[in-house]
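# Geometric and topological summary
One-letter residues, chain by chain:
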Amino acid sequence: MSAGGSPGSKRGPWSALPQRQRRQRALQQQRLQRHAARHDSDKAHTGETDVELAAELTRQLEKGGALRQEASGRLSEPSLMRRLSFAPAGCRAVQLAFEVADRSSAA
């Protein structure tokens, strides 16, 4: 047996790899579950689906005036902006918000 271990030995450079991969996969799965729980929690707080929320924000942004200000204020919440940015229904509303925002509020 060599000092570095062989592929069949219990301890060696090859034995740690599967264990490390299993640990990384478990951590990744935990992160995904936490993200999904936060996402579900955000939905529970608002009572709206992403599709409904995006439609409402888009309508407000297109109307302008006080409605646009209200929509911009809602989108300034980091968790909402992040959630809608990665949702198929919400990404267009976020893009529209950047298009219609003035320079001072967009920064």
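## Points about the overall build of the protein
Scanning the protein from terminus to terminus reveals six helices and zero strands. Order of helices (α) and strands (β) in the protein, N terminus to C terminus: α-α-α-α-α-α. For the protein, the proportion of its 107 residues judged to be buried stands at 20%. As displayed, the protein offers around 8000 Å² of accessible surface, 54% of which is attributable to carbon and sulfur atoms.

## Concerning helix α2 (residues 50–63)
Two residues of an α-helix separated by three or four positions point the same way, owing to the 3.6 residues in each turn. For α2, built from 14 residues, the straight-helix expectation of 20 Å at 1.5 Å per residue is met to within 8% by its first-to-last C-alpha distance of 20 Å. Among the residues making up α2, those that are buried are Asp50, Leu53, Ala54, Leu57, Gln60 and Leu61. An end-on view of α2 places all buried positions within 130 degrees of arc, on one side of the element. What points out from α2, more than 90 degrees from its buried face, is the exposed set Val51, Glu62 and Lys63. Phi turns positive, to about 85 degrees, at Gly64, one or two residues after α2.

## Thoughts on the confidence of the model for the protein
Here the protein averages 77 in pLDDT, and 67% of its residues register 70 or above. Ranking the elements of the protein by mean pLDDT puts helix α6 (residues 103–106) last with 55 and α2 first with 92.

Parameters at a glance
- Within each chain, residue numbers correspond to sequence positions counted from 1 in written order.
- Predicted model: local features are reported for residues with pLDDT of at least 70 only, side-chain atom pairs are reported and counted for 80 or more only, and whole-chain, interface and lining totals are derived from all residues.
- Water and hydrogen atoms play no part in the side-chain values, which are based on all heavy atoms of the structure.
- What counts as a helix is a DSSP run of H or I of at least four residues, what counts as a strand is a run of E of at least two, and both are numbered from the N terminus.
- Whether a residue is buried, partly exposed or exposed follows from its accessible area with a 1.4 Å probe, protein chains only, as a fraction of its type maximum: under 20%, in between, or over 50%, in that order.
- Throughout, the Shrake-Rupley method with a 1.4 Å probe supplies accessible areas, and for residues the shown protein chains are the sole cover considered.
- Each helix should span, by expectation, one fewer than its residue count multiplied by 1.5 Å.
- Starting at the helix axis, one direction is taken to each C-beta atom, and the arc is that of these directions.
- Values of pLDDT, which run from 0 to 100, indicate the predictor's confidence residue by residue.

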